[in-house]
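Close look at the chain arrangement
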Amino acid sequence: MDWVPIVFITFKALVFGTGMFFAIKWHYDQGKLGRVAERRAVMRMAGLVIVIFVPLAAGLLFATFYVCEKLGLT
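Residues numbered from 1 in each chain as written. Predicted model: local features only at pLDDT ≥ 70, side-chain atom pairs only at ≥ 80, totals over all residues. Heavy atoms only, no water.

1. Quick look at the packing of aromatic side chains
Put simply, the rule reads: Here is the rule: rings of Phe, Tyr and Trp (six-membered ring for Trp) pair when centre to centre is within 6.5 Å. Planes less than 30 degrees apart are stacked, more than 60 are edge-to-face, and the remainder are tilted. The rule is simple: take the accessible area with a 1.4 Å probe, protein chains only, and divide by the maximum for that residue type; under 20% is buried, over 50% is exposed, in between is partly exposed.
Counting across every chain of the model gives 1 aromatic pair. Summarising the aromatic geometry, the rings of Phe21 and Phe22 are spaced 5.2 Å apart at their centres and angled 70° between planes, so their arrangement reads as edge-to-face. Residue class for Phe21 comes out exposed when judged on its relative accessible area of 52%.

Below you can see the structure in the form of structure tokens.
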């Protein structure tokens, strides 16, 4: 019964190690493909996140202050 943790931990290390190797290899290969198109896509997504995230964060902030004021916490 003492061999069970050794086998399971070894198996887990092999599976995670293999998965990490292929994940790193895939990301490295994807980085070689299209740098200009990828950079443009990243900048577009960053702009979209900013346009959506900033108003939502501001709305959440004002909603929090409104609820706190209604509950008498301020």
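What follows picks up the thread again.
2. Re the pattern of salt bridges
Side chains bearing opposite charge may pair, as long as their charged atoms lie close to each other. To be explicit about the condition: Any carboxyl oxygen of Asp or Glu that lies within 4 Å of a side-chain nitrogen of Lys or Arg is treated as forming a salt bridge with it. Strands are runs of DSSP state E lasting at least two residues, helices are runs of H or I lasting at least four, and both sets are numbered from the N terminus onward.
This model, assessed by the stated rule, comprises 1 salt bridge. Residue Asp29 is joined to Lys25 by a salt bridge in which the shortest nitrogen-to-oxygen separation is 3.1 Å. Of the two residues, Asp29 and Lys25 are both situated in helix α1 (residues 3–33); the distance of 4 residues between them amounts to about one turn of the helix. We classify Lys25 as partly exposed; its relative accessible area is 39%.

3. Description of the environment of Met43
Inspection of the secondary structure assignment puts Met43 in helix α2 (residues 35–71). Placed 21 residues apart in sequence, Met43 and Thr64 show a C-alpha to C-alpha distance of 31 Å.

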